[in-house]
Amino acid sequence: MPQAPRGPRHFAVIGAGMAGIACARTLVQAGHSVTVFEKTVSPGGRMATRSSPFGSFDHGAQYFTVRDARFARALETVPGLCKPWSANAIRVLDAHGRVTEAPLPARESHWVAVPGMSDLVTQWAQPLAAACQLELKTRVTRIERDALDPAGWQLRTEAGEARHVYGGFDGVMLALPAPQAADLLATSGLSPKGLRKLAGVDIAPCWTLMLAFPNAMQPDLVTLGPQWNAARSTHHRVAWLARESSKPGRTPTERWTVQASAEWSREHLQDDPARIEAKMLKAFTEVTGIYAAPAHTAVHRWRHARTVKPLGQTHLWDAHTGIGACGDWCIGHRVEDAFLSGLELALAAG
């Protein structure tokens, strides 16, 4: 039987996306210490913003909604950082770009962080970074029992060419996509009973195209193509389109983010990025009627993007080993789902 908690503990949180930072913040607020490990250069996960010479692109999560009072209270800690986006009137298009469903009156606001979606997680992660509790550009390669304390855990990591072992952890939180969490546990030779449901989660990939049209910035031409700012599409390649320049706090240069359908992204997961760019640009033209050549194009592949089959509960926690997992995939695919999952895991462990 696991022992009762003995005061403040030290947790490792692997992944600095919305779920990981929410988990880490909650553990710190409960009096515990944390170390967050993130393999990329900055926190955020799919709350991501890509810079370009023509302005930024939210190439991951496009917006978020607020339905849970706990998420609303957390947002109050960063007043003014998030603004409502006028994309409440999201069109629904057929495969040829024709509007098939008129927007209903907005029932809830669609919010974006300013000046980019990544700024919300970045702001929440700042106290962790200031306290040297955030290790960026650090990939965790193995979880194993601590060499100095067999009851605890240590992590083997890679940071460029450097290899390092971090020890002294009472618990390990996997704030990763379910397949990545399962792979790390398997690589580590671990199979906590409380985390075996990871195998039942299905998350689809997503190819994302980013386009900029600076030529639209003329006195007699404000925008190109359709007069809507966001749409869902039934085109076999394209599922979502958004005019980035319509979001509050962004630069006015005409920019679009186009996200491919889950089915098409699965089928073309390993395709060459240049081929993906050409195919998605063709689809974008078909849907929007914009034939002008963009001055800037870029593609990004998200291997794990939209939850197809969620876990069905807010988190996984194995009290016997002190290992847990969280992410939007636990209950859905919304930004708020990720926040609540991280929060609930921290509460269960703390």
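Let me sum up the structure you'll find in this document. These numbers were taken from a predicted model, which means no experiment stands behind them.

### A word on the environment of methionine 280
Line of reasoning, step 1. With respect to the element layout, methionine 280 can be found in helix H6 (residues 273-288).
Line of reasoning, step 2. By relative accessible area, which is 0% here, methionine 280 ends up buried.
Line of reasoning, step 3. Distance in space between the C-alpha atoms of methionine 280 and glutamate 336 is 29 Å, their sequence separation being 56 residues.
Line of reasoning, step 4. Sequence-distant contacts of methionine 280, defined by excluding residues within four places in its chain, comprise Trp207, Thr208, Leu209, Val258, Gln259, Ala260 and Trp264.

### Comments concerning unusual backbone geometry
Line of reasoning, step 1. Here the amide bond leading from valine 114 into proline 115 is cis, since omega sits at 5 degrees, within 30 degrees of zero.
Line of reasoning, step 2. With respect to the helices and strands, proline 115 occurs in the loop between strand S6 (110-113) and helix H3 (118-130).
Line of reasoning, step 3. The phi angle at cysteine 132 is positive, at roughly 60 degrees, despite the residue not being glycine.
Line of reasoning, step 4. Within the element layout of this structure, cysteine 132 appears in the loop between H3 and strand S7 (134-135).
Line of reasoning, step 5. When its relative accessible area of 63% is taken as the criterion, cysteine 132 is described as exposed.

### Let's talk about the sheet that holds strand S8 (residues 139-145)
One key point about sheets: their strands pair by backbone hydrogen bonds, in either a parallel or an antiparallel sense.
Line of reasoning, step 1. An order of S8-S9-S10 is seen for the three strands of this open sheet, with the pairing classed as antiparallel. The sheet terminates laterally at S8 and strand S10 (162-169), the two strands that pair on one side only. Pairs of neighbouring strands in the sheet enclose a mean axial angle of 20 degrees, with direction left out of account.
Line of reasoning, step 2. Summarising the sheet, strand S9 (residues 153-159) and S10 pair through six bridges and their orientation is antiparallel. Each residue of the ladder has a partner; that of threonine 157, found in S10, is histidine 164.

How each quantity is defined
All residue numbers refer to position in the chain's written sequence, counted from 1. Confidence filtering applies because this is a predicted model: local features only for residues at pLDDT of at least 70, side-chain atom pairs given and counted only at 80 or more, and all residues used for totals across whole chains, interfaces and linings. Computation of side-chain values: all heavy atoms of the structure, hydrogens and water removed. Each helix is a run of H or I in the DSSP string that is no shorter than four residues. Each strand is a run of E no shorter than two, and both are numbered from the N terminus. Whether a residue is buried, partly exposed or exposed follows from its accessible area with a 1.4 Å probe, protein chains only, as a fraction of its type maximum: under 20%, in between, or over 50%, in that order. Residues are treated as being in contact if the distance between any of their heavy atoms lies within 4.5 Å. By the convention used here, strands pair only if DSSP detects at least 2 bridges between them. For helices, the axis comes from a line fit to the C-alpha atoms of the stretch in contact; other axes are also lines fit to C-alpha atoms, and the angle between any two N-to-C directions lies between 0 and 180 degrees.

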